[in-house]
Amino acid sequence: VQLQACGGGSVQAGGSLKLSCAASGMIWSSFSNSRMGWYRQAPGKQRELVADITSDSNTKYQDPVRDRFTISRDNAKKKVYLQMNSLEPEDTAVYYCNIASGSWDYWGEGTLVTVSS
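This one's a predicted model, so the numbers in the text were calculated from it and none came from an experiment.

(A) Layout of the overall build of the chain. What the chain contains, in helices and strands, is 1 helix and 11 strands. Going from N to C terminus, the chain has its helices and strands arranged as β-β-β-α-β-β-β-β-β-β-β-β. In summary, the chain has a C-alpha radius of gyration of 14 Å against a globular reference of 13 Å for 117 residues, a match within 12%. Along the longest, intermediate and shortest principal axes, the C-alpha atoms of the chain span 40 × 25 × 25 Å. Within the span of the chain, comprising 117 residues, buried residues form 40% of the whole. Across the chain, the fraction of contacts at a sequence separation of at least 24, relative to all contacts at a separation of at least 6, is 53%.

So this is what it looks like as structure tokens:
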């Protein structure tokens, strides 16, 4: 299983970015029955959950990004997205996607988001 994240970049505060993460090496049913999450790791800090979405498309957000970020999934394409609006310098981090189901989980390599003030 491989997760390929993309869409990171450099933006000014207040700008937007959309991250996407594509899963390969797994069958459609495994993807659609999994939980997908976006995590981030800022310099000098631990990796933290940003948002996740269940197989039933129930979503959860951490307080710092609530009302600014939107997570979504497209099971047919085996992709998960993170729409990030009103970006703040504090959102600067490497963003990772994660897929989990039962006893297994996989991580993507991450994509860097840099927000300047």
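Here the narrative resumes, following the displayed structure.
(B) Structural view of the sheet that holds strand β7 (residues 69-74). Pairing in this open sheet of 4 strands is antiparallel, and the strands run β1-β3-β8-β7 from one edge to the other. Only two strands of the sheet have a single neighbouring strand rather than two, namely β1 (2-6) and β7. Geometrically, the sheet is characterised by an average inter-axis angle of 15° between neighbouring strands, direction not taken into account. Sheet topology note: the β1/strand β3 (residues 17-24) ladder contains 5 bridges and is antiparallel. If you follow Q4 over to β3, its bridge partner there is A22.

(C) Just the state of the cysteines, in detail. Inspection of the entire model under this criterion finds 1 disulfide. Residue C21 pairs covalently with C97 via a disulfide, S to S 2.0 Å. Between C21 and C97, the S-S dihedral sits near 50°, and the bridge is therefore right-handed. In this pair, C21 is assigned in strand β3 and C97 in strand β9 (residues 93-101), connecting sequence segments 76 residues apart. Residue class for C97 comes out buried when judged on its relative accessible area of 0%. With no disulfide of its own, C6 lies 8.4 Å from the sulfur of C21, the closest cysteine sulfur.

(D) Up close: the nonpolar core. Ranked by size, the top nonpolar core spans 29 residues in total, and within it W38, V50, F69, I71, L82, M84 and Y95 carry the most contacts. Of all the secondary-structure elements, those providing two or more residues to this core are β1, β3, β4 (35-41), β5 (48-53), β7, β8 (79-84), β9 and β11 (111-116). Leaving out residues up to four positions away in the same chain, L82 has contacts with L17, K18, L19, W38, V50, A51, F69, T70, I71 and Y95.

(E) Structural view of the pairing of β8. As judged from the 6 bridges shared by β3 and β8, these two strands associate in the antiparallel manner. When the bridges of β8 are listed, L17 appears paired with M84. Relative to β8, β7 is paired through 6 bridges, and the arrangement is antiparallel. For R73, the partnering residue across the bridge sits in β8 and is V80. Taking the residues between adjacent antiparallel strands as the criterion, β7 and β8 are bridged by 4 residues, where K78 takes a positive phi near 55°.

Definitions and limits used
Residues numbered from 1 in each chain as written. Predicted model: local features only at pLDDT ≥ 70, side-chain atom pairs only at ≥ 80, totals over all residues. Heavy atoms only, no water. Helix = DSSP H or I, 4+ residues; strand = E, 2+ residues; numbered from the N terminus. Rg over C-alpha atoms; globule rule 2.2 N^0.38 Å. Buried < 20%, exposed > 50% of the residue type's maximum accessible area, 1.4 Å probe, protein only. Contact = heavy atoms within 4.5 Å. Pairing = 2+ DSSP bridges. Axes fitted to C-alpha atoms, helices over the stretch in contact; angles between N-to-C directions. Disulfide = S-S within 2.5 Å. Core = buried A, V, L, I, M, F, W, Y, C linked by side-chain atoms within 4.5 Å.

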